[in-house]
Amino acid sequence: MLHSYVFPIIEEFGLDGLILSNYNMACYIHSIYPELEIHNSCNTFSWNIAEIENWRVNAGLTAFNPPRQIVRCPEKLADFHSSGIKLKVLINEACYFGCSEMLNHCILRDASFKYTYNCLKNLPMNILR
C-alpha cells in the first residue's frame, strides 16, 4: 500500500511530514524518506518517555503528540516536556483518562458500523469540544 498509494503522494506533492499512528509504518517510511518530519498521532496512546525515545530513534520522530487526556495529567506533561522532544498537545476538555469511548474513537470504521458512539454524553456543549 505504501509503495502504491502513499509514496506517490509524498513525491507528487512534496510533503514535508506525516502524522502516523502505526509505529512500524513510521519506521519504514522513515527508512525510505529520512528527511520527512514524523509526528506520532495522539492515538498512539504513548504514556512514557521510553516509547517517545523509541519513536525518535527508530522512526525519526520530530514532534510528539501525547494522548488527548494529557492536559488532565500535568505531571506527565511535565515529564514529557523534560525529555526534550518537541510537544504538540491537543486540548480537548471533554477527553479524560480512561474514557469509556476511547476504543470506539480509534476503531477504523465506515458509516454503516452501528456501534460507534461519541463523547457528547447528552450535553449539547460537548458538540464543540
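Residues numbered from 1 in each chain as written. Predicted model: local features only at pLDDT ≥ 70, side-chain atom pairs only at ≥ 80, totals over all residues. Heavy atoms only, no water.

(A) Structural view of unusual backbone geometry. Positive phi, normally seen in glycine, also occurs at Phe45, with a value near 55°. On the basis of relative accessible area, Phe45 is assigned to the partly exposed category, the value being 27%. (Buried < 20%, exposed > 50% of the residue type's maximum accessible area, 1.4 Å probe, protein only.)

(B) Molecular detail of the environment of Phe80. With respect to the element layout, Phe80 can be found in helix H4 (residues 74-82). The sequence separation of Phe80 and Trp47 amounts to 33 residues, and the corresponding C-alpha distance is 8.8 Å. With near-sequence residues (within four places) excluded, Phe80 lies in contact with Ser46, Trp47, Asn48, Ile49, Ile52, Phe64, Pro66, Ile70, Ile85 and Leu87. (Helix = DSSP H or I, 4+ residues; strand = E, 2+ residues; numbered from the N terminus. Contact = heavy atoms within 4.5 Å.)

(C) Representation of the sheet that holds strand E3 (residues 61-63). Judged by pairing direction, the sheet is parallel, and its three strands sit side by side in the order E1-E2-E3 without closing on themselves. Each of the sheet's edge strands pairs with one partner strand only, and the pair in question is strand E1 (17-20) and E3. The sheet shows a mean angle of 45° between the axes of neighbouring strands, taken without regard to direction. Where E1 lies against strand E2 (residues 37-40), four bridges are found, and the strand directions are parallel. Following the sheet pairing, Leu20 is matched in E2 by Asn40. (Pairing = 2+ DSSP bridges. Axes fitted to C-alpha atoms, helices over the stretch in contact; angles between N-to-C directions.)

(D) Representation of the pairing of E1. Burial along E1 is one-sided: Leu18 and Leu20 are buried, and none of Gly17 and Ile19, which face the opposite way, are. As a crossover connection, the stretch from E1 through helix H2 (residues 23-32) into E2 is right-handed. (Right-handed = clockwise from strand over helix to strand, strands pointing away.)

(E) Quick look at helix H1 (residues 2-13). Restricting attention to buried positions, one finds in H1 the residues Leu2, Phe7 and Ile10. Down the axis of H1, the sector holding all buried residues measures 50°, keeping them to one side. In H1, the exposed positions that point more than 90 degrees away from the buried face belong to Ser4, Tyr5, Glu12 and Phe13. On its buried face, H1 is in contact with E1 and H2. In the segment just after H1, Gly14 is the residue with positive phi, at about 60°. (Arc of directions from axis to C-beta.)

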